[in-house]
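# An overview of the molecular structure
Here are the chains, one letter per residue:
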Amino acid sequence: MDNGMDSMLDMYLFETNSLLAQLEDILISAEQDKDFTQDHINEIFRIMHTIKGSSAMMEFSAMMNISHRIEDLFFYIREKGMDAIKEEDRRELFDLVFNSVDYISGEIKKLENGEPFNDNIDKYINNINRYLDKISTRQASGASQTELKQDQEQEQKEAAGLTNTIRVFFDEGIGMENLRAFMLINSLRELGLEPAFEPSDVESNPETAGKIIEDGLFISLKNKDEMTIAAGAIQNSVNIREFEFIGQPHLEEAKSEKISPRLEGESGENKALSADKAPEANAQTQAVQHTGAKQSLISVNLSKLDQLMAVVGEIVITESMVTSSPDLEGLKLDNFTKAARQLRKLNDELQDIAMSLRMVPVAGVFQKMNRIVRDMSKKLDKDCRLIIEGEDTEVDKSIVDSLGDPLMHIVRNSMDHGIEESAEDRLAAGKEAQGTILLSASHTGSEVLITITDDGRGIDVERVLNKAESRGLLTKPKADYTHKEAIGLIMSAGFSTNDDVTEFSGRGVGMDVVRKNIETLGGSLSINSEFGYGSQTLLKI
């Protein structure tokens, strides 16, 4: 790939991973409530539409097709409402979407690792089609959901007509006009607008670039207010050569002359022209900028942050070399000493800021544990919930990236070994029928504390000692082991209390690997448990 395509691929991976994480959070929350809210439905539709379009542009046809079918499914649900889906069909809906998300996530990981795709998606497409047929009230008439979607989109366009339409032209020779059109439409959607646009297939048809160059991109809004917001956003967009209003009575002057939104390097005369021809658009500029302020995050390559830290370190060293130079010894330099103190203060601040740039909240890795608990609850037939606290706690990016596997293993242990087999067992022990796993993070001094606590059956120390003895792991008589020492045996290499290998445990690759991984991060791991009442794993980093 050339640099341009490399950059596009990086952006595609970043955006798709972010959307998939967001989608998984929505699915888990909705499944716990056994229902999708209208906001959930709209958001899932938007996410799948975006993944479909960006996958089409990157020519990842399998991911485009499967996201397109999920989009069709939620278009139907959005139009008919969740009341159209029977109670017994809702569980299947969640499984269907989770499985599709897993497929896309798996393909993204292959893409990141340079592995070949699995383009055989017949199973997923057939399952979605079958489910759509089952819930669709249009099945009897033989109309497909795709036709339904196209019909209703056409109705929306006809209703909007050309009375609330903006025609946009991009800079000449800029290239990839269809991609830029798609990005512009998405930016309007992020402002809460629902524009109809022509050409309507810019996200999946590169040939529309020529049509946009020749005729422009037509964007239709619902009303005057949406037109004003959209115009302000378009005027603030890059690579827009000009735009005009079509058939808009309250902006009649603008019909005859196009607006050139040059915000940098334009003459005062041109600026005045823009203001005169789009008074309401310009009035909304600040509002649009404020709306976008919440999106004030950018992604930065971690290697660039490492380079920044290295340069800052060199600056600190050089500053020390200058201020401590033997050539200055014995000289009375009041102004120099004052400037040196100020330089030291600024360098300290620069170092703090540079280090803070690498700090990210643990929310991302914590939220992934929701999926672990959800899947294991279904496979083990255990009713359990995950509670997350302190997800805004920030740690270095490299640590967050390394926490995923250890946390996953500990949470799996809590589900597999900790939480009781049935609600009856828990009720008999005087507990709530539903098990609970608490995942929390906090700062204390220079350390980050992460705890994973469950209210399950706890650790049977006697069983641990017997298992360790049978494996030759004891270094002294069983009776000489304290409670804490006995629990610590769990972190011995190859230790497992499971006699059978299951999907989740029994392979002998256990807490010893977790402990080593945490120690590699400069941290420590300890386990506390009371038999019958639960366990707590504490990570100090």
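Structure first, text after, so check above.
Residues numbered from 1 in each chain as written. Predicted model: local features only at pLDDT ≥ 70, side-chain atom pairs only at ≥ 80, totals over all residues. Heavy atoms only, no water.

Structurally, the α-helix is built with 3.6 residues per turn, so residues lying three or four positions apart point the same way. Look at helix α2 (residues 38-57): 29 Å from first C-alpha to last across 20 residues, which is about the 28 Å you get at 1.5 Å a residue. Among the 20 residues of α2, 15 are classified as buried, and the element is accordingly described as predominantly covered. Once α2 finishes, Glu 59 follows within two positions and takes phi at roughly 65°, a positive value. (Helix = DSSP H or I, 4+ residues; strand = E, 2+ residues; numbered from the N terminus. Expected span 1.5 Å × (residues − 1). Buried < 20%, exposed > 50% of the residue type's maximum accessible area, 1.4 Å probe, protein only.)

Below, the discussion takes up the packing of helix α3 (residues 61-80) against helix α5 (residues 122-135). A pair of packed helices is captured by two measures, namely the crossing angle of their axes and the spacing between those axes. In contact at an axis separation of 10 Å, α3 and α5 are set at 10° when each is read in the N-to-C sense. In terms of orientation, α3 and α5 fall into the roughly parallel class. The chirality of how α3 crosses α5 is left-handed. On α5, the residues that touch Asn 65, Ile 66, Arg 69, Ile 70, Leu 73 and Tyr 76 of α3 are Tyr 124, Ile 125, Ile 128, Asn 129, Tyr 131, Leu 132 and Ile 135. Of the residues belonging to the contact of α3 with α5, the class tally is 10 nonpolar, two polar and one charged. (Axes fitted to C-alpha atoms, helices over the stretch in contact; angles between N-to-C directions. Parallel < 35°, antiparallel > 145°, perpendicular 65-115°, else oblique. Left-handed = near helix turned anticlockwise from the far one by under 90°. Contact = heavy atoms within 4.5 Å. Nonpolar A, V, L, I, M, F, W, Y, C, P; charged D, E, K, R; others polar.)

Right, let's talk about the sheet that holds strand β6 (residues 384-389) for a bit. For sheets, the rule is that strands pair by backbone hydrogen bonds, running either parallel or antiparallel. Pairing within the open sheet is mixed, and its five strands lie in the order β6-β8-β9-β11-β10. With partners counted over all chains shown, the strands left at the sheet margins are β6 and β10 (524-530), one partner each. The sheet shows a mean angle of 15° between the axes of neighbouring strands, direction not considered. In this structure, strand β8 (residues 435-444) lies alongside strand β9 (residues 447-454), joined through eight bridges in antiparallel fashion. Bridging across to β9, Ala 441 finds its partner in Ile 450. Contacting β6, β8 and β9, helix α16 (residues 363-380) runs over the sheet at an angle of about 170° to β6. (Pairing = 2+ DSSP bridges.)

To continue, consider unusual backbone geometry. In the segment running from Glu 198 into Pro 199, the intervening peptide bond is cis, with an omega of 5°. Within the secondary structure, Pro 199 sits in the loop between β2 (196-198) and α8 (208-215). In this model, Lys 34 sits at a positive phi of 60°, which is unusual for a non-glycine residue. Note that Lys 34 resides in the loop between α1 (3-33) and α2. Given a relative accessible area of 56%, Lys 34 falls into the exposed group. Phi at Asp 381 takes a positive value of approximately 55°, unusual for a residue other than glycine.

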